[in-house]
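Observations on the model geometry
Okay, here's what each chain looks like letter by letter:
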Amino acid sequence: MAVGEPLIELRNVNKYFGALHVLQDIDLTVGRGEVVVVIGPSGSGKSTLCRTINRLETIQSGSIVVDGRPLPEEGRDLARLRAEVGMVFQSFNLFAHRTVLDNLMLAQVKVRKRGKAEAQRRARELLDRVGLADQADKYPAQLSGGQQQRVAIARALAMDPKVMLFDEPTSALDPEMINEVLEVMRQLARDGMTMAVVTHEMGFARYAANRVIFMDDDRIVEDRSPEEFFKAPESARARDFLSKILKH
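The shown structure was predicted, so the numbers you read here are calculated from the model rather than taken from an experiment.

Right, let's get into the overall build of the protein. For the protein, the count of helices and strands is nine helices and ten strands. Computed over the C-alpha atoms, the radius of gyration of the protein is 18 Å, within 12% of the 18 Å expected from 2.2 N^0.38 for a compact globule of 248 residues. Seen through its principal axes, the protein has C-alpha atoms that stretch 55 × 40 × 40 Å. The 248 residues of the protein split such that 52% are buried. Of the contacts made within the protein by residues no fewer than 6 positions apart, 66% connect residues no fewer than 24 positions apart. Side-chain charges of the protein comprise 35 positive and 35 negative groups, with the mean position of each set lying 4 Å from the other.

Picture the strands of a sheet paired through backbone hydrogen bonds; they go either parallel or antiparallel. Taken together, six strands build an open sheet; the order of strands is β6-β7-β8-β3-β9-β10 and the sheet is mixed. The sheet is open, and its two edges are formed by β6 (85-88) and β10 (219-224), each paired on a single side. Sheet twist, expressed as the mean angle between neighbouring strand axes with direction ignored, is 15°. Looking at chain direction, β6 and strand β7 (residues 163-167) are connected through four bridges and run parallel. Bridge pairing links Val88 to Phe166 in β7.

The subject of this paragraph is unusual backbone geometry. One non-glycine residue with positive phi stands out, namely Asp67, at about 55°. Following the sequence through the fold, Asp67 ends up in the loop between β4 (61-66) and β5 (69-70).

A few words on the environment of Gln148. Position of Gln148 among the secondary structure elements: in helix α5 (residues 145-157). Classification of Gln148 by relative accessible area gives buried; the value is 14%. Spatially, the C-alpha atoms of Gln148 and Asn93 are 9.0 Å apart, while their sequence positions differ by 55 residues. Apart from the residues within four sequence positions on either side, Gln148 is in contact with Phe92, Leu94, Pro140 and Leu143.

Time to look at the nonpolar core. Judged by nonpolar contacts, the single largest core of 51 residues is most densely connected at Ile39, Ile153, Met164, Phe166, Met185 and Met195. Setting aside chain neighbours within four positions, we find Ile153 in contact with Val88, Met164, Phe166, Val181, Val184, Met185 and Leu188.

Right, let's get into the UniProt feature "domain: ABC transporter" (unreviewed entry) in the protein. In this structure's numbering, the residues bearing the UniProt feature "domain: ABC transporter" (unreviewed entry) are residues 8-242. Secondary structure content for residues 8-242 is 39% helix and 26% strand, while the C-alpha to C-alpha distance between its ends is 27 Å.

So, about the pattern of salt bridges. Under the definition given, this model contains 25 salt bridges. Between Asp67 and Arg32 there is a salt bridge; the shortest N-O distance is 2.8 Å. Highlighted residues: Asp67 in the loop between β4 and β5 and Arg32 in the loop between β2 (20-31) and β3 (35-39), separated in sequence by 35 residues. A residue is classified by how much of its surface remains accessible, and Arg32, at 30% relative accessible area, is partly exposed. Between Arg150 and Glu180 there is a salt bridge, and its shortest N-O distance comes to 3.0 Å. Of the two residues, Arg150 is situated in helix α5 and Glu180 in helix α6 (residues 175-190); the sequence distance between them amounts to 30 residues.

Another aspect to go through is a positive patch on the surface. Together, Arg76, Lys110, Lys113 and Lys116 give the surface a local cluster of positive charge. For Arg76, the location among the structural elements is in helix α2 (residues 75-84).

This part takes up the sheet that holds β5. Pairing is antiparallel across the open sheet formed by four strands, whose spatial order is β2-β1-β4-β5. Sheet topology places β2 and β5 at the edges, where each strand pairs with a single neighbour. Of the strand pairs in this sheet, strand β1 (residues 6-17) and β4 are connected by five bridges, and their pairing is antiparallel. Each residue of the ladder has a partner; that of Glu9, found in β4, is Val65.

So, how was this worked out
- Residues numbered from 1 in each chain as written.
- Predicted model: local features only at pLDDT ≥ 70, side-chain atom pairs only at ≥ 80, totals over all residues.
- Heavy atoms only, no water.
- Helix = DSSP H or I, 4+ residues; strand = E, 2+ residues; numbered from the N terminus.
- Rg over C-alpha atoms; globule rule 2.2 N^0.38 Å.
- Buried < 20%, exposed > 50% of the residue type's maximum accessible area, 1.4 Å probe, protein only.
- Contact = heavy atoms within 4.5 Å.
- Lys, Arg positive; Asp, Glu negative; His and termini not counted.
- Charge placed at Lys NZ, Arg CZ, Asp CG, Glu CD.
- Pairing = 2+ DSSP bridges.
- Axes fitted to C-alpha atoms, helices over the stretch in contact; angles between N-to-C directions.
- Core = buried A, V, L, I, M, F, W, Y, C linked by side-chain atoms within 4.5 Å.
- UniProt positions renumbered as here; feature names shortened; annotations may be inferred.
- Salt bridge = Lys/Arg side-chain N within 4 Å of Asp/Glu carboxyl O.
- Patch = residues over 30% accessible without salt bridge, like charges linked within 9 Å, V, L, I, M, F, W, Y side chains within 5 Å.
- Areas by Shrake-Rupley, 256 points an atom, 1.4 Å probe, with all protein chains shown as cover.

Structure (structure tokens):
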């Protein structure tokens, strides 16, 4: 698949939590239609990197550009950006007191200013796409973890984002539910959705990504094709990481 012009660009990005330097001189470009998977040991800065792209974490220096525009500071422009950049977290973050259908309609009506009928039509279409058309009237607590995460993906897609960010979307799930979520993500990748995915799922990294970013100690250590990375990682850190993770 041909990858288009840059959709996300991070240049010389630095982030601190107090005295802790958690992102160090990060340069990263994600092209339109590209699937970039970010892997690395826990605490290496992967989730923080993901969260800076829609300004859930602010940066101290450097620049982040999404679809040709610098990240807005706050207010309406930031809300607009977040509609363009869908985010799926480790925890599902669904509204517990609203039905699945309402969860998918709410931001469409409030942020995208769609009429209720259009929002409902889009919501049902996306529930069908993630295999949950028959769960529309249930509440999140009535669903399994895997179903809730698929609802969260559908909810993000309902905003018609230009890019989807996934921050360890399967790490809170029981093993038998992981694949149903990864299958939805694989389908999105096949459909050409631009995606940045932080994950421990090496199979997804190997087969669904255009590029694998390996992070360690708050830096990007490698940025290569999955084939190159898994066959012959260049850094000792990546070799060590893969030897530990691929044994299991």
